[in-house]
Amino acid sequence: MFIQQLVNGIILGSIYSLIALGYTMVYGIIMLINFAHGEIYMFGAFAGMILVVFYNVPFFLAFLLAMAFAGLVGLTVEYLAYRPLRRSSRLAALISAIGASIFLQNLALLIMGARPYTFPSPFIPKVYQTSFLTISKLELIILAISFLLMFALTFFIQKTKIGKAMRAAAQDMDTASLMGINVNLIISITFLVGSALGAAAGVMVGIYFRTVTPMMGLMPGLKGFVAAVLGGIGRIPGAMLGGLLLGVAEVMAAAYISSQYRDAAAFAILILVLFFKPTGLMGSFMQEKV
Amino acid sequence: MKKYRLTMFIVLVLCMALLLTSGCSTQQAAPGTQEPEEGTVEETVDVKVGTVGPLTGGAATYGLSVSNAVQIALEEANENNEIPGVNLVQISEDSEGDWSKAANAFSKLIDQDNVNVIIGAVLSSETAAGGPIVMDGEVPTISPTSTATGLTEGNPYLFRNCLSDEVQASQLAEYAVTELGLKRFAILYTNNDYGVALKDAFEATAKEKAEVVAVEAFMDGDEHFRPQLTSIQQKEPDAVFVAGYYTEAAKIAQQAAEQAMSIQILGADGFYSPVLVEIGQDAIEGATFTAGFFSADPNPVVQSFVARYTELFGEEPDMFAAQAYDAARIVIEAMKQNGTDRQAIRDGLAETKDFPGITGLTSIDEEGDTLKEVLILKVVDGAFQRLR
Amino acid sequence: MLSAKGNDRILQVKEVTRRFGGLKAVDSVCLDIYKKEIVGLIGPNGAGKTTLFNLITGHYQPTTGSLYFKNEKIDGLRPFTITEKGIARTFQNIRLFGMMSVLENVLLGMHVRLHGGLASAVLCLPREKQEEQNAREKARELLSFVGLGNKEKEKARNLAYGEQRLLEVARALAAEPELLLLDEPAAGMNPQETMELMKLISRIRDEMEKTILLIEHDMKVVMGISERVAVLDYGKKIADGRPGEIQQNESVIRAYLGDSM
Amino acid sequence: MISTYYLQIIILAGINIIMATSLNLIVGYTGQLSIGHAAFMSLGAYASAIATLHLGFPFIAALLFGAVVAGLFGVLVGIPTLRLKGDYLAIATLGFGEIVRIIFLNLQITGGAVGLRGIPKQTTLLWVIAAAIFTLFVLRRILNSRVGRALIAIREDETAAESMGINTMYFKTLSFGVGAFFAGFGGGLFAHYFRYIHPNVFGFMRSIEHLCMVVLGGLGNMWGAMLGAVALTAIPELLRAGAEYRLLAYGAILVLMMRARPQGLLGESEQTGGSIRRKIRIFSRGADTLKKT
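Residues numbered from 1 in each chain as written. Chains lettered and ligands numbered in written order. Predicted model: local features only at pLDDT ≥ 70, side-chain atom pairs only at ≥ 80, totals over all residues. Heavy atoms only, no water.

A. Structural context of the overall build of chain B. A count of helical and extended segments in chain B gives 12 helices and 15 strands. Counting the 388 residues in chain B, one finds 64% classified as buried. Across chain B, every contact between residues at least 6 apart in sequence was considered, and the portion connecting residues at least 24 apart equals 69%. Element-wise, carbon and sulfur atoms account for 50% of the exposed surface of chain B, whose accessible area totals about 13,800 Å². (Helix = DSSP H or I, 4+ residues; strand = E, 2+ residues; numbered from the N terminus. Buried < 20%, exposed > 50% of the residue type's maximum accessible area, 1.4 Å probe, protein only. Contact = heavy atoms within 4.5 Å. Areas by Shrake-Rupley, 256 points an atom, 1.4 Å probe, with all protein chains shown as cover.)

B. Structural context of the overall build of chain A. A tally of regular secondary structure across chain A gives 11 helices and four strands. For chain A, whose C-alpha radius of gyration is 19 Å, the value lies close to the compact-globule estimate of 19 Å for 290 residues. Counting only C-alpha atoms and orienting by the principal axes, one finds that chain A spans roughly 60 × 45 × 35 Å. Out of the 290 residues belonging to chain A, those deemed buried represent 63%. A total of about 11,000 Å² of accessible surface is found on chain A, and carbon and sulfur atoms cover 71% of it. Distance between charge centres in chain A, computed from 17 positive and 8 negative side chains, equals 8 Å. (Rg over C-alpha atoms; globule rule 2.2 N^0.38 Å. Lys, Arg positive; Asp, Glu negative; His and termini not counted. Charge placed at Lys NZ, Arg CZ, Asp CG, Glu CD.)

C. The side chain of B:T230, seen in detail. Along the chain, the position of B:T230 falls in helix α7 (residues 226–234). In this structure B:T230 comes out as buried when scored by relative accessible area, which is 2%. At 2.7 Å, the side chain of B:T230 and the backbone oxygen of B:R226 are in polar contact. Looking at B:T230, its side chain comes within polar contact range of the side chain of B:Q259, at 3.5 Å. Aside from chain neighbours lying at most four places away, what touches B:T230 is A:M1, A:Q4, A:Q5, A:N8 and B:Q259. (Polar contact = N/O pair within 3.5 Å; in protein donor to acceptor, adjacent residues only side chain to side chain.)

D. Seen up close, the domain arrangement of chain B. Residue and element names in this part refer to chain B. The domain architecture assigned to chain B consists of domain 1 (45–163 + 298–373) and domain 2 (166–291). Here the C-alpha centre of domain 2 lies 29 Å away from the C-alpha centre of domain 1. Each partner contributes to the interface: domain 1 provides 13 residues, whereas domain 2 provides 13 residues. At the boundary of domain 1 with domain 2, total buried surface from both sides reaches about 1,100 Å², with 56% on carbon and sulfur atoms. Considering only the surface of domain 1 that becomes buried against domain 2, Y62, L163 and M319 emerge as the three largest contributors, covering 41% of it. Our count for the contact surface shared by domain 1 and domain 2 stands at zero salt bridges. (Domains from an automatic or database assignment. Buried area = accessible area lost by both parts, 1.4 Å probe. Salt bridge = Lys/Arg side-chain N within 4 Å of Asp/Glu carboxyl O.)

E. Structural view of the packing of helix α11 (residues 319–338) of chain B against helix α12 (residues 342–350) of chain B. Residue and element names in this part refer to chain B. Relative to each other, α11 and α12 sit at 115°, their axes nearing to 8 Å. Relative to α12, α11 is oriented roughly perpendicular. The chirality of how α11 crosses α12 is right-handed. Counting all contacts with α11, which are made through I330, V331, A334, M335 and N338, the residues of α12 involved are A344, I345, D347, G348 and L349. Split by residue class, the contact of α11 with α12 holds seven nonpolar, two polar and one charged. (Axes fitted to C-alpha atoms, helices over the stretch in contact; angles between N-to-C directions. Parallel < 35°, antiparallel > 145°, perpendicular 65-115°, else oblique. Left-handed = near helix turned anticlockwise from the far one by under 90°. Nonpolar A, V, L, I, M, F, W, Y, C, P; charged D, E, K, R; others polar.)

F. Representation of the side chain of A:N8. By the element assignment, A:N8 lies in helix α1 (residues 2–30). Look at A:N8 and you get buried, because its relative accessible area is 2%. Here B:T230 takes part through its side chain, which lies 2.9 Å from a polar atom of the side chain of A:N8. If near-sequence neighbours (up to four positions away) are discounted, A:N8 is found in contact with A:V251, B:H224, B:R226, B:P227 and B:T230.

G. Geometry of the interface of chain D and chain C. Contacts between the two partners involve 41 residues from chain D, matched on the other side by 42 residues from chain C. Together, D:R146, D:R149 and D:M164 form the three largest contributors to the area buried by chain D at its contact with chain C, with a combined 21%. Our enumeration of links across chain D and chain C arrives at three salt bridges. A salt bridge links C:R95 to D:D157; the nearest nitrogen and oxygen atoms lie 2.7 Å apart.

H. Spatial organisation of the sheet that holds strand β4 (residues 64–69) of chain C. Strand order across the open sheet formed by four strands is β2-β1-β4-β5 (chain C), with antiparallel pairing between neighbours. Looking at which strands have only one partner, the edges of the open sheet turn out to be β2 (23–34) and β5 (72–73) of chain C. (Pairing = 2+ DSSP bridges.)

I. The arrangement of a nonpolar patch on the surface in detail. Residue and element names in this part refer to chain A. Residues F2, I3, F132, Y256 and I257 make up a contiguous nonpolar surface patch of roughly 540 Å² in combined accessible area. Looking at the nonpolar patch, the elements that each hand over two or more residues are α1 and α10 (236–257). Counting through the fold element by element, Y256 comes out in helix α10. (Patch = residues over 30% accessible without salt bridge, like charges linked within 9 Å, V, L, I, M, F, W, Y side chains within 5 Å.)

J. Highlighting the pattern of salt bridges. In the structure shown here, the tally under the stated rule is 57 salt bridges over all chains. Here A:R86 and A:E78 are joined by a salt bridge, their closest N and O atoms 2.7 Å apart. For A:R86, a relative accessible area of 25% gives the class partly exposed. On the accessibility criterion, A:E78 (1% relative accessible area) is buried. With its nearest N and O atoms 3.4 Å apart, the salt bridge here joins B:K199 to B:D200. Residue B:K199 is classed as buried on the basis of its relative accessible area of 14%. In this structure, a network of salt bridges that share partners links the residues B:E93, B:K108, B:D113, D:E237 and D:R240.

K. View of the nonpolar core. With 335 residues, the main nonpolar core has B:L88, B:F185, B:F202, B:L276 and D:I197 as its most contacted residues. If one sorts the elements of this core by residue count, helix α8 (residues 183–209) of chain A sits on top with 17 residues. Taken domain by domain, this core gets at least three of its residues from each of domain 1 (45–163 + 298–373) and domain 2 (166–291) of chain B. Excluding residues within four positions of it along the chain, B:L276 makes contact with B:Y246, B:A249, B:A250, B:F271, B:Q281, B:I284, B:F289, B:V379 and B:F384. Listed in part, the 42 residues of the second largest apolar core include C:V106, C:A139, C:L180 and C:I201. (Core = buried A, V, L, I, M, F, W, Y, C linked by side-chain atoms within 4.5 Å.)

L. Main features of unusual backbone geometry. Note that the residue after B:G120, namely B:A121, is joined by a cis bond; omega there is -5°. One non-glycine residue, B:E138, lies in the positive phi region at around 55°. Examined against the element boundaries, B:E138 turns out to sit in the loop between α4 (124–137) and β4 (141–143). The backbone of C:N71 shows a phi angle near 65°, a positive value even though the residue is not glycine.

M. Quick look at the environment of D:G165. On the secondary structure map, D:G165 appears in the loop between α7 (158–163) and α8 (168–194). Measuring from C-alpha to C-alpha, the distance between D:G165 and D:V230 comes to 38 Å, with 65 residues separating the pair along the chain. With residues up to four places along the chain from it excluded, the contact list for D:G165 reads C:F80, C:T83, C:H111 and C:V112.

N. Spotlight on the interface of chain A and chain D. Listed by partner, the interface residues are 44 residues for chain A and 38 residues for chain D. Both sides of the chain A and chain D interface together cover about 3,900 Å² of buried area, and 77% of this is carbon and sulfur. At the junction of chain A with chain D, the criterion picks out one salt bridge. One salt bridge in this structure joins D:D87 and A:R90, with 2.4 Å as the shortest N-O distance.

O. How the structure looks around the packing of aromatic side chains. Under the definition given, this model contains 44 aromatic pairs over all chains. Through pairs of rings, three or more aromatic residues link up here, namely B:W99, D:F190, D:Y193, D:F194, D:Y196 and D:F202. Seen from the ring of C:F91, C:R95 lies directly overhead, with NZ or CZ sitting 5.6 Å from the centre. (Phe/Tyr/Trp six-rings, centres within 6.5 Å; stacked < 30°, edge-to-face > 60°. Lys NZ or Arg CZ within 6 Å of the ring centre and 35° of its normal.)

P. Inspection of the sheet that holds strand β5 (residues 158–160) of chain B at higher detail. All names here are of chain B. Reading across from one edge, β2-β1-β3-β4-β5 is the order of the five strands in this open sheet, with parallel pairing throughout. The outermost strands of the open sheet, each flanked by one partner alone, are β2 (86–94) and β5. Taking the axes of each pair of neighbouring strands and ignoring which way they run, one obtains an average angle of 25° across the sheet. Both β4 and β5 contribute to a ladder of three bridges, which runs parallel. Paired with S143 across the bridge in β5 is R160.

Q. Seen up close, the confidence of the model for chain B. Residues and elements named next belong to chain B. Mean pLDDT over chain B: 86, with 89% of residues reaching 70 or higher. Across chain B, β4 holds the top mean pLDDT of 96, while helix α1 (residues 2–23) sits lowest at 45. Low pLDDT (under 50) marks residues 1–39, which in the prediction has 41 contacts with non-local residues, meaning those over four places away or in another chain. Confidence metrics for the complex model read pTM 0.90 and ipTM 0.89. (pLDDT = per-residue confidence, 0-100.)

R. Broad picture of α8(A). All names here are of chain A. Taking 1.5 Å per residue as the helical rise, α8 with its 27 residues ought to reach 39 Å, and the 38 Å between its terminal C-alpha atoms agrees with that figure. For α8, the buried fraction is high: 24 of the 27 residues fall into the buried class. The N-cap residue of α8 is N182: its side-chain oxygen and the backbone nitrogen of N184 are 3.2 Å apart. In the stretch just after α8, R210 is the one whose phi turns positive, near 70°. (Expected span 1.5 Å × (residues − 1).)

Below is the structure:
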């Protein structure tokens, strides 16, 4: 049962990781908690569902199109709600992000209605069973896609020119712009990529849990944010680790402590980790400059 | 000093705005009432019926069902001129699923809109917050869906029209043991008043006659039930009683299938929605649950309601809609019998006896609670079939 | 003689080392400071001067070694405790409370010498009022002492640069320290302002009887007012003596002109 | 005679003024980002309700009891979490808030998921006005004292504050405790107005709403926090006319208001401060290099 629960946690955690990546990438560059990320995740899930169910688009194509669509939504939000506030206090931008989140959520509610939509799994259901572990084909695919996307992102950030520019901008935006990096473009790309990853998570959650609703972004959005902080916000490997850890912690709390206190236990672990590592698991230790 | 003046100015402007806009409240006349029937010369009086429920937020789907069903009931009454000289007007207020906002909505309906009767609220917490307000305002209120124990006690203005959690859960437990021959039960409940009441009642009855091997909880709106299901699977029960609503039930069934767990699923009236089968698909096949409403019921009233609802809103009504429709019908009946002022409606509601609703024969007891018969339904080939 | 000197010693830095990773920012430095001295601390950029300040004021903890203030061990104490004991400082990169008024900045410097707490504030005790009034008067005196008498209501961030440096000095003095640490007080000042600052520093020592340790790059200032100068290079103390001696010291000259010679 | 509905909105605005000004002490004046204010409100609400229902406290005593319980929790939570900075503190307080909510959802004495019913209605407009004035008076006294100066100094520059001899941990915890105390006070008024409490309105969205009030009004400005509280209480009610477009408009209004006045309605622009500081840093760096060569 322990191994089964561990695997349950890892699958849930891999989804949290994907959401957390969107938060952490944006945070790394403009120090903003992109509160609307959960809604972008929801938009991605809707886009995927509509393409598959109403237009019969093949699943993987729909998956990519949903990522692209959510990327564009992310860009728009950045342009309308965050860019005008880039030179303002961070809290002003945070409130603007909250406003954007409420707006997007209710926009989806108006357009799509409140009743949950079914997002049928595109794969033939199949379950693999061993004596200690049961896992379905769908879950294996979700795990594979999550890790594939995480590796692709790592490659993108580490090896490509744009990725290097992103890292430079994250280090010091002014210097980066002096070095001839178009900072606005880099921020846009960050939102594009982060939002696309959010949409990927949204589509996968859609098929995993079979439903898409306008409210689906709220809790996963919060959990993704928590995961990002847990790992050390602004740090990409941190987001991956934080997501996995949060998923496993939640599942273990439900399994071995009490399912009533599932989320409470997850948050308690978060606070405990922060108590010992005040900047998250992989956050750099900051020596205060005096 | 300048800052101070600016502050006062803005505060003043806001107050003015508040006063101005509250003058023009949102009265949407139910369609179908715009043109009075030909030949009727007599003046009609508008009687306002308020509804309160979540139209936005996570519980919006339930609130919208209620608001939609009430709209149909009022339209029908207006079309058929059921209460001569009276035109029923619906005023629908949003609670966001937040009971303090629901309390604001109740106050607004009572004081600003001057409604004669309120149908709502939807969530038990909302109705609990509204209870004292409608009692102070002496406005009869009937909740179509709030099942929390004792909600209407000691409040002569608060009624409800829903199955009692205790009754349906204990009847289901009994049926499961005697008719279905199940012996080992697990309970998976949503941690809100609805789920907790069902769990307590089911556990009590099931323990007398059989065994309850596992009790697990989840939160409203959760999507991931694998850890709970894994724990339950370990205990090898014959059946799992899911005390929650249809979306969650369908997901639980799907995720149980995901881990090769074939188990009898039991549930309560919260299961009743076409969404259950849409999302649950094969996994929900065979699930057995209690309900107050059954859309395949040959009763013509049921059929005409289902047809009209589906035509207007593009989906089949769920349990919330059915109960709200009945609640509105009971209100209309009370108006017909007693008159349309607040006190008359209250007395009419209190006297409701054997009302033939789409959710069965309904009587209201002295505490304002409903007595109804409980149906037992089963999912067979993606449709609901009546077992009892 | 020795014991007399021991009693006079206000600060003792004993074999203090501070590492940052592999780097020894301060490397077994010993330094004694005696009452009413003005001691200059010089060295090339990155020599560890500010780090030594931060070690004295408790912002950093020494990796090894210890610090004594009036024969009392102070390493391991938090900065606010050290301030309370009587060491105050200014910052190289001015750290005023920009949104607050000049007067409030000085009142903040007085924080440790005032006693008003939550209860007395809420209850408007007369004692609190009296204390606050006295504090304001004293703060105004200090402001005129450093030459900012007419600026008390302005926001600190709106002061001219040289004035901000002076305000930092006034704020540090407000804590009634026995030892005052000044981190590049003349940086960014014009020659006129620098002259006045030198006078001010002397007056602080003579009239207020403070002991002063200052970091300064401007050799005119250091050599002009210090009675003793200590030189740091790569974290090590390479010289300690009267200004005249230091100017002749070969290793100091080498440190400043670099190994390129 | 004012209608019950208006009275209710005014009372809620009054309670929100208490919530927003007390949060302003923590966020606006001390500079510590907290997203858990609703948790302290719920602690005060439940503690005072239980004091009234089970211990037979008179109203004023129940209110103070709730406030003290919330304040104590503020201190207890503050001690471990206030070491954290910025967003890490924010998320820790958010986590604490969720933990409190879930515990209340599962406890017997709080009515669990059913909520607590039958609290007597004792909060009146007069009480709320008196409570708001009391809160503002106390906060103003604190801010104009040595304690308040220390809090603002911590916001401006924590390291420099510590150098002034300010025990930053002590004062941050104090600020957190006082803020929580008044949040609990507001919670007690809330419970005794609605006569019913359920944990679900004390979730993180409520804390965020409080934060919006403070930022919208202008950080570190008590008039601003009051204005923000009144505005964000009134706007959703005004928007009731907008029916299903209500929250859509609410979200848009938040974005537009921040775009129009990023420093908040009554906040002071921080632009100049930042640029001066940056100039100084460049300047002193320049001076260094000049002398070195």
